[in-house]
Amino acid sequence: MDKSETIIEKKIQTQPVIAAADEQEGDPDDSYEMMDQLYGNTLKDIQEGEVVEGTVVRISAEYVLIDVGYKSEGQIPIREFQDESGGISIQVNDKVDVLLERREDEDGLIVLSKTKADQAKVWDKIGKVYENDETIEGRVISRIKGGLSVEIGVRAFLPGSQIDLHPIKDMDRLIGQTFKFKILKFNKKRGNIVISRRSILEKERETLRGETLKTLEEGSVIEGTVKNITDYGVFIDLGGVDGLLHITDMSWGRVNHPSEMFSLGDRIKVKVIGMDKEKGRVSLGLKQLSSDPWTNASGRYPVGKRIAGKVVSLTNYGIFVELEKGIEGLIHISEISWNKKIRHPSQIVSLNDMIEAIILSVDPPKKRISLGIKQLEPNPWNIVKEKYPVGTIIEGNIKNITEFGLFVGLDEGIDGFIHISDLSWTKKIKHPGEVYKKGQKIQAIVLNIDEKQERFSLGIKQLEKDPWEGISHKYSPGEVFEGKVTNITDFGIFLELAEGIEGLIHISEINKDKAGKLSEFVKVGDYLKALIIHIDEAERKIGLSLKGLEKKTEYDEAKKYLTVQEAPATSLGEILETKAPPPEKLPRETTESEGAEQKCEPIKEEPQAEAAPPESLTEEKPSSEE
């Protein structure tokens, strides 16, 4: 006899109605058919997948036998009744809810499951919570892609955006914690549940927000929780209302980043310094809880006082020194050294160094204190002015050469400057490097010392006499001079009259037939005669003329010719003197050529006593447009 038959016989003993029916029939086959029909009727209203109540019949090491009123019991693995520690709390005859998976298996037994029954009850409970818009409690199990897995009787998905009111960077810290949740999505067939904690927090926050705004006033001191940290400040949860503590209102001193002072979750007291209830904006201050250290700064930091402080910042333009919490002074880069050229303060100090300085000025309204380091030592410029008065000849090495001059080093660490215009009276130097070299020892004369502007002016050309000095006594208009051609330009020809002395024959003072092709007419190095028509000692200019020379030559020849003729009763000179006046002054056109134009002055006039050449021997006077 197999297992199923044994169970059926046992059922017959416990069911007198069925046994009586068998006795009346007398036929065993009829009895079995009747039993099947009767047991089938007991389960006709129970469908597979439904939860039914059963009775514990027997408990073994592997199975628990459950009677649900069918012709056979169902076996459920013992593990479905064990708790987390492995213990079993049920006993024989206990009532338990089980789920009917199948009416019979291959052995004729019904297939039951307590676990699935428990899950079915949980799903029903969750479904009611979802329908009634209630909350459910759950425990965070693990972190998964996109959020967290939460145990609420079954596994539910908590998206990252629904964890809190603000993004959570470290979600792992929530694992193991228990919270209340709202059910956003529920699908029993697919086994899909999406929950939210944020919706609960938002509702709580909105309720708390209204209460907080009623009591919040400008000037009040309130405690809050740091909920977010940014580069520009910290957001504080005041109880449903977020307030911004800007970085400038955190401390009277320097704050490089809010994270230096705060961490997420910190509880701090702050003062309300601004409110906009309509927009729900609250401005907070922390430094306002203490007095402003600048209030009596002038008394604590008088000008000239020697102080010590810590270097808190280095910039291209100077050093910021913290004198006390909330008060900083600036050492401008120009106040670091009397004579050294400091390109960046990092050449002298480093961050967090303790240094000494002198108070130069204090401006409490603008919260500024100017400091100086170089004032700790005597000013070398005062020493230099006494040691090297104007006119002193000094000797030093060239430390630097630029396109506009030379820097000469002195023993006191101060550099004297020689401008390119003070290198030579006569030479045209385009760049000092053409004549001098770095490190070369030279002599120069002191021209000026300005200790306030820290300028020490020197000159080389002043060691010699200016060749232009008294030039008007050496040369005079009307003289003919022969000089060497030193340069030919578009606007004229330069002639060297003496060493360092040049005159210009402007193109307007050259006949047109020659002016158009100067390079064919004359070459550099040639010697050329010209008439001096203008001298300006102050401007260092001498004007020369070829036209004037030709006029003068013609005039001299005419005069020479007339002197050899016999004089009649009325001399030809007298006739010419009445009819033809002496030669007019030779004008020179004014041009707009580059600074090389020269003002035209008349040729030196001959004495009126001498006879002028006849009109037939003279050329027509030059016009102003020639």
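Since the model is a prediction, treat every value here as computed from it, not as a measurement.

Colleague: Help me get a handle on the overall build of the chain, residues and values and all.
Modeller: Assigned secondary structure in the chain consists of twelve helices and 30 strands. Long-range pairs, those at least 24 residues apart, make up 60% of the contacts in the chain with a sequence separation of at least 6. About 37,300 Å² of surface is accessible on the chain, with carbon and sulfur atoms providing 47% of the total.

Colleague: Give me the pattern of salt bridges: which residues, what numbers.
Modeller: Scanning all chains against the criterion turns up 17 salt bridges. Close ionic contact of Asp97 with Lys121 constitutes a salt bridge, the shortest N to O distance being 3.4 Å. Of this pair, Asp97 sits in strand S4 (residues 95-102) while Lys121 sits in helix H4 (residues 114-131); the two residues are 24 residues apart in sequence, bridging distant segments of the chain. Taken together, the shared-partner salt bridges in this structure form one network comprising Arg205, Lys227, Asp237 and Asp242.

Colleague: Lay out the environment of Val480 in plain terms, naming residues and giving numbers.
Modeller: In this fold, Val480 is placed in strand S26 (residues 480-489). Here Val480 falls in the partly exposed class, since its relative accessible area comes to 38%. Taking C-alpha positions, Val480 is 9.9 Å from Leu546, a pair spaced 66 residues apart along the chain. Aside from chain neighbours lying at most four places away, what touches Val480 is Lys529, Ala530, Leu531, Leu549 and Lys552.

Colleague: I'd like a description of the sheet that holds strand S17 (residues 318-324), backed by residues and values.
Modeller: Pairing within the closed barrel is mixed, and its five strands lie in the order S16-S17-S18-S20-S19. On average, adjacent strands in this sheet sit at an angle of 50° to one another, irrespective of strand direction. For strand S16 (residues 306-315) and strand S19 (residues 354-363), the ladder comprises five bridges, and the chain directions are antiparallel. What sits directly across from Ile307, in S19, is Ala357.

Colleague: Hey, could you go over the sheet that holds strand S24 (residues 441-450) for me, with residue numbers and the actual values?
Modeller: Around the barrel, five strands lie side by side as S21-S22-S23-S25-S24; this closed barrel has mixed pairing. On average, each strand axis in the sheet is tilted by 50° relative to the strand beside it, whichever way the strands run. Sheet topology places strand S23 (residues 415-419) next to strand S25 (residues 455-459); two bridges connect them, and they run parallel. Residue pairing across strands places Phe417 opposite Ser457, the latter belonging to S25.

Colleague: Residues and numbers for helix H11 (residues 546-563), please.
Modeller: A rise of 1.5 Å per residue sets the reference length of H11, with its 18 residues, at 26 Å; its end C-alpha atoms lie 26 Å apart and thus fit the reference within 8%. Along H11, the positions that sit buried rather than exposed are Leu546, Lys547, Gly548, Leu549, Lys551, Tyr555, Ala558, Lys559 and Leu562. Of the residues that open H11, the one with a side-chain oxygen 3.4 Å from the backbone nitrogen of Lys547 is Ser545.

Colleague: Report on the nonpolar core, specifying residues and quantitative values.
Modeller: Within the largest apolar cluster, 21 residues are counted, with the highest numbers of intra-cluster contacts made by Tyr388, Ile394, Ile418, Leu423, Ile442, Phe456 and Leu458. For this core, the elements supplying multiple residues, two or more each, are helix H7 (380-387), strand S21 (393-402), strand S22 (405-409), S24 and S25. Counting residues per element, this core draws most heavily on S24, which supplies four residues. Apart from the residues lying within four places of it in its own chain, the contact partners of Leu458 are Ile394, Val408, Gly416, Phe417, Ile418, His419, Asp422, Ala444, Ile445, Val446 and Leu447.

Colleague: Please provide a residue-by-residue account of the packing of aromatic side chains, values included.
Modeller: Taken as a whole and judged by the stated rule, the model has nine aromatic pairs. With a centroid separation of 6.3 Å and 35° between ring planes, the pair formed by Tyr388 and Phe456 is classed as tilted. Taken together, the positions of Tyr388 in the loop between H7 and S21 and Phe456 in strand S25 put the pair 68 residues apart, joining distant regions of the chain. Of the two residues, Tyr388 and Phe456, neither departs from the other in class, the shared state being buried.

Colleague: Lay out the pairing of strand S11 (residues 221-229) in plain terms, naming residues and giving numbers.
Modeller: Bridge analysis of S11 against strand S14 (residues 267-276) gives five bridges, and the strand direction is antiparallel. In the strand pairing of S14, Thr225 is matched with Arg267. Of the pairings in the sheet, the one linking S11 to strand S12 (residues 233-237) comprises four bridges and is antiparallel in character. Residue pairing across strands places Thr225 opposite Asp237, the latter belonging to S12. Turn length for the S11-S12 hairpin, with the two strands adjacent in sequence and antiparallel, is three residues.

Colleague: Describe the side chain of Thr489, and please don't skip the residues or the numbers.
Modeller: Of note, Thr489 is situated in strand S26. Judged by relative accessible area, Thr489 falls into the buried class, the value being 18%.

Colleague: With reference to specific residues and values, describe the confidence of the model for the chain.
Modeller: Mean pLDDT over the chain: 78, with 81% of residues reaching 70 or higher. Below a pLDDT of 50 lies the segment residues 1-26, which in the model reaches 28 contacts outside its immediate sequence neighbourhood of four places, other chains included. With pLDDT under 50 throughout, residues 578-626 is counted as low confidence; its partners more than four residues away or in other chains account for 90 contacts.

Analysis parameters
- Residues numbered from 1 in each chain as written.
- Predicted model: local features only at pLDDT ≥ 70, side-chain atom pairs only at ≥ 80, totals over all residues.
- Heavy atoms only, no water.
- Helix = DSSP H or I, 4+ residues; strand = E, 2+ residues; numbered from the N terminus.
- Contact = heavy atoms within 4.5 Å.
- Areas by Shrake-Rupley, 256 points an atom, 1.4 Å probe, with all protein chains shown as cover.
- Salt bridge = Lys/Arg side-chain N within 4 Å of Asp/Glu carboxyl O.
- Buried < 20%, exposed > 50% of the residue type's maximum accessible area, 1.4 Å probe, protein only.
- Pairing = 2+ DSSP bridges.
- Axes fitted to C-alpha atoms, helices over the stretch in contact; angles between N-to-C directions.
- Expected span 1.5 Å × (residues − 1).
- Polar contact = N/O pair within 3.5 Å; in protein donor to acceptor, adjacent residues only side chain to side chain.
- Core = buried A, V, L, I, M, F, W, Y, C linked by side-chain atoms within 4.5 Å.
- Phe/Tyr/Trp six-rings, centres within 6.5 Å; stacked < 30°, edge-to-face > 60°.
- pLDDT = per-residue confidence, 0-100.

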